[in-house]
Amino acid sequence: MQLSVSKGPERFTVDGGLLGQPADDVQATIEGLGADLQVTRTTGRSDDVAAGAVMALDPAPGTELRRGDTVTLQVSEGPATAAVPDLVGSDPDDAEATLAALGFEVERTEGRSDAVSAGQVAAVSPDGTETFGATITLTVSVGPVQVSVPNVVGQSKDAAVAALEAVGLEASVTQFFGDTVLRQTPAAGEVVDPGTSVTILVTFG
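What you are looking at is a predicted structure, and each value in this text was computed from that prediction instead of being measured.

Caption draft 1: Structural view of helix H1 (residues 23-31). All of the buried residues in H1 are Ala23, Val26, Gln27 and Ile30. The buried residues of H1 all sit within an arc of 100° when viewed along its axis, so they share a single face. Turning to H1, the residues buried within the fold contact strand E1 (38-44), strand E2 (54-58) and strand E3 (70-76).

Caption draft 2: Highlighting the packing of aromatic side chains. Within this structure, the stated rule accounts for one aromatic pair. Measuring from centroid to centroid gives 6.3 Å for phenylalanine 177 and phenylalanine 204, while their planes differ by 10°, and the two rings are stacked. With phenylalanine 177 in the loop between strand E10 (170-175) and strand E11 (180-185) and phenylalanine 204 in the segment after strand E13 (197-203), the pair connects residues that are 27 residues apart, well separated along the chain. Just as phenylalanine 177 is exposed, phenylalanine 204 falls in that class too. The ring centre of phenylalanine 132 lies 3.3 Å from the NZ or CZ of arginine 45, which sits over that ring.

Caption draft 3: Local environment of a nonpolar patch on the surface. On the surface, a nonpolar cluster with roughly 410 Å² of combined accessible area is contributed by Phe176, Phe177 and Phe204. Classification of phenylalanine 204 as exposed rests on a relative accessible area of 56%.

Caption draft 4: Local environment of the environment of leucine 87. Relative to the assigned elements, leucine 87 resides in the loop between strand E4 (81-84) and helix H2 (92-101). A relative accessible area of 9% places leucine 87 in the buried class. Leucine 87 has contacts with Ala95, Thr98, Leu99, Val121 and Val124, leaving out every residue within four places of it along the chain.

Caption draft 5: Local environment of helix H3 (residues 157-166). Residues of H3 that are buried: Ala160, Val161 and Leu164. What you see down the axis of H3 is that its buried residues fit within an arc of 95°, all on one side. Looking at H3, the residues exposed on the side facing more than 90 degrees away from the buried face are Asp158 and Ala166. Two residues or fewer after H3 comes glycine 168, characterised by a positive phi angle close to 90°.

Caption draft 6: Molecular detail of the side chain of glutamine 184. Its place among the elements puts glutamine 184 in strand E11. From its side chain, glutamine 184 meets the backbone oxygen of proline 150 in a polar contact 3.1 Å long. Here valine 153 takes part through its backbone nitrogen, which lies 3.5 Å from a polar atom of the side chain of glutamine 184. Once residues lying within four places of it in the same chain are set aside, the contact partners of glutamine 184 are Val149, Pro150, Asn151, Val152, Val153, Val198, Thr199 and Ile200.

Caption draft 7: Quick look at the sheet that holds strand E6 (residues 121-125). Pairing is mixed in the open sheet, where three strands are placed in the order E5-E8-E6. Either end of the sheet is taken by a strand with one partner, and the two such strands are strand E5 (105-111) and E6. Averaged over all pairs of adjacent strands, the angle between strand axes in this sheet comes to 25°, irrespective of strand direction. Pairing geometry for E6 and strand E8 (residues 135-141), over four bridges, is antiparallel. When the bridges of E8 are listed, valine 121 appears paired with valine 140.

Caption draft 8: Broad picture of the nonpolar core. Judged by nonpolar contacts, the single largest core of 15 residues is most densely connected at Val14, Val26, Ile30, Leu57, Val71 and Leu73. Among the elements of the structure, H1, E2 and E3 are those that each provide at least two residues to this core. In this structure, Val147, Ala160, Leu164 and Val202 belong to the second largest nonpolar core, which totals twelve residues.

Caption draft 9: Here's a closer look at unusual backbone geometry. Following aspartate 58, the chain continues to proline 59 via a peptide bond in cis, the omega torsion being 0°. Looking at the element boundaries, proline 59 is found in the loop between E2 and E3. With an omega dihedral of -5°, the bond running from serine 125 to proline 126 counts as a cis peptide bond. Structurally, proline 126 is set in the loop between E6 and strand E7 (128-131). Non-glycine residue aspartate 36 carries a positive phi angle of around 55°. Inspection of the secondary structure puts aspartate 36 in the loop between H1 and E1. Positive phi values are uncommon outside glycine, yet phenylalanine 177 reaches one of about 50°. What makes phenylalanine 177 exposed here is its relative accessible area of 67%.

About the thresholds
Residues numbered from 1 in each chain as written. Predicted model: local features only at pLDDT ≥ 70, side-chain atom pairs only at ≥ 80, totals over all residues. Heavy atoms only, no water. Buried < 20%, exposed > 50% of the residue type's maximum accessible area, 1.4 Å probe, protein only. Helix = DSSP H or I, 4+ residues; strand = E, 2+ residues; numbered from the N terminus. Arc of directions from axis to C-beta. Contact = heavy atoms within 4.5 Å. Phe/Tyr/Trp six-rings, centres within 6.5 Å; stacked < 30°, edge-to-face > 60°. Lys NZ or Arg CZ within 6 Å of the ring centre and 35° of its normal. Patch = residues over 30% accessible without salt bridge, like charges linked within 9 Å, V, L, I, M, F, W, Y side chains within 5 Å. Areas by Shrake-Rupley, 256 points an atom, 1.4 Å probe, with all protein chains shown as cover. Salt bridge = Lys/Arg side-chain N within 4 Å of Asp/Glu carboxyl O. Polar contact = N/O pair within 3.5 Å; in protein donor to acceptor, adjacent residues only side chain to side chain. Pairing = 2+ DSSP bridges. Axes fitted to C-alpha atoms, helices over the stretch in contact; angles between N-to-C directions. Core = buried A, V, L, I, M, F, W, Y, C linked by side-chain atoms within 4.5 Å.

Scope: geometric values only; no functional claims are made or implied.
Spelled out as C-alpha cells, the structure:
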C-alpha cells in the first residue's frame, strides 16, 4: 500500500503586471493558470488607463487564491475627466452634441449678451476640466442686455436727447414751439432693447 501526504490546499496568485493590459488578455491569462479561477468584470473610468484595459483587480495582485476562487476585473471605459471646450458663439445644438460626445450631461438656459448674437451660445458653465457625466449649462443668448428708459419729462430737448443717447437709445422728437419735454413714449422705467426709439413731445413747459 502506498500513502500520499497532503501538503495543504493549492495556492495561486495573480501577477500585478496584468494591470493596464487588455481585459480579454488578462482574463485569458487568469483562466490559463489551471486553477479553475472564475473571472467577472466591472467597469470604471480612469485618466491613466486606456479604455478596455484592466485598471484594478479584486482580490488585489499578490493575494493568495484557492482553486475555484473568483477574480474581478475592473475594466476602464475611458477617461474620468475631460476639458470643457470653449463653445461661446456656436450653435446650441452643435454645442450640446459636442458636450454629449465628451460624456457630459447638458442643460440649457437663456440670457442676454452684448457680445453674442441671439440664438448662439453666450456662456458655458462650468468651464475647465470636469468629471465624466457632469452637468454643463449652456446659456443661449436672446439678444443684447436691455436698458431702462430714463425719465426725461421736464427736461429741455437737448438734455433729453443726450440722456437717451447716453444709455444707447434713440430720440424721436416731436416739437411744438417751446423747449420742454411734456411726454415720452415708452414711459420712464420701461425696459427695452438698445437702439429703441423713444418719442418725446417737446412744447412749452
